[in-house]
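# Coordinate inspection notes
Below, each chain spelled out in residue letters.
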Amino acid sequence: MDPMSDKARIIQEFVPGKQVTLAHIIANADQQLFAKIGLMDKTAGSVAVLTLTPGEAAIIGGDIATKSSAVQLAYVDRFSGSLLLVGQLSDIETAVRDVVDTLRDVLGFTPAPITRT
């Protein structure tokens with residue numbers, strides 16, 4: 001019996017393109033969430049989670065977000081395309097909308113719908 005036959009294999013593939021794959025707003029994040037994602041100094045507010053392809057677009061998205069409203073960059077990863085923003089709900093909504101709109105309108109990205117919980 002082949003010892004490798006009962007093991008699951010996961011193949012991850014990145015398809016070239018320009019895409020906002022996730023744009024989600026957590027309107028009133030629980031205090032525990034901030035601690036779990038490493039934001040010990042934050043206890044209230046909203047969080048935005050975006051994933052962008054190619055990953056370097058997270059840098060552009062972070063720049064757009066901070067110029068459009070009073071949000072803080074909690075996490076930017078140019079390799080995975082992850083962007084995490086924190087701030088007041090109205091600022092988060094403005095920032096996420098501006099990031100998605102600018103990437104779509106200026107850089108030709110395919111947008112994801114902005115979702116909210």
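Bear in mind the structure is a predicted one, so any value in this text is a computation, not a measurement. (Residues numbered from 1 in each chain as written. Predicted model: local features only at pLDDT ≥ 70, side-chain atom pairs only at ≥ 80, totals over all residues. Heavy atoms only, no water.)

### A short note on a nonpolar patch on the surface
Residues I59, I60, L73, V76, V106 and L107 make up a contiguous nonpolar surface patch of roughly 480 Å² in combined accessible area. Along the chain, the position of I59 falls in helix α2 (residues 57-68). I59 sits in the partly exposed class, given a relative accessible area of 47%. (Patch = residues over 30% accessible without salt bridge, like charges linked within 9 Å, V, L, I, M, F, W, Y side chains within 5 Å. Areas by Shrake-Rupley, 256 points an atom, 1.4 Å probe, with all protein chains shown as cover. Salt bridge = Lys/Arg side-chain N within 4 Å of Asp/Glu carboxyl O. Helix = DSSP H or I, 4+ residues; strand = E, 2+ residues; numbered from the N terminus. Buried < 20%, exposed > 50% of the residue type's maximum accessible area, 1.4 Å probe, protein only.)

### Some points on the sheet that holds strand β4 (residues 82-87)
Pairing in this open sheet of 5 strands is mixed, and the strands run β3-β4-β2-β1-β5 from one edge to the other. The sheet is open, and its two edges are formed by β3 (72-77) and β5 (114-116), each paired on a single side. On average, adjacent strands in this sheet sit at an angle of 15 degrees to one another, irrespective of strand direction. Where β3 lies against β4, 5 bridges are found, and the strand directions are antiparallel. The partner of L73 across the bridge, within β4, is L85. Contacting β1 (19-26), β2 (46-53), β4 and β5, helix α3 (residues 89-105) runs over the sheet at an angle of about 10 degrees to β2. (Pairing = 2+ DSSP bridges. Axes fitted to C-alpha atoms, helices over the stretch in contact; angles between N-to-C directions. Contact = heavy atoms within 4.5 Å.)

### Quick notes on the environment of V99
Its place among the elements puts V99 in helix α3. A C-alpha to C-alpha distance of 8.7 Å links V99 and S68, two positions 31 residues apart in sequence. If we ignore the near neighbours within four places in the chain, the residues touching V99 are L50, G61, I64 and A65.

### Overview of the environment of R78
Checked against the element boundaries, R78 lands in the loop between β3 and β4. In this structure, the C-alpha to C-alpha distance between R78 and P54, residues 24 residues apart in sequence, is 8.3 Å. Aside from chain neighbours lying at most four places away, what touches R78 is G55, E56 and I59.

### Overview of the pairing of β1
Inspection of the sheet shows β1 paired to β2 by 7 bridges, in the antiparallel sense. Opposite H24, over in β2, you have V49 as the bridge partner. Two elements, β1 and β5, share 3 bridges in a ladder whose sense is parallel. If you follow H24 over to β5, its bridge partner there is T115.

### Here's the deal with the pattern of salt bridges
In total, this model carries 4 salt bridges according to the counting rule given. A salt bridge links D63 to K67, with the nearest nitrogen and oxygen atoms 3.2 Å apart. Residue D63 and its partner K67 are both found in helix α2; the two are separated by 4 residues, about one turn of the helix. When its relative accessible area of 34% is taken as the criterion, D63 is described as partly exposed. Looking at K67, the relative accessible area reads 64%, which means it is exposed. Salt-bridge contacts for R104 lead to D105; the nearest nitrogen and oxygen are separated by 2.7 Å. The structure contains a network of salt bridges with shared partners spanning D101, R104 and D105.

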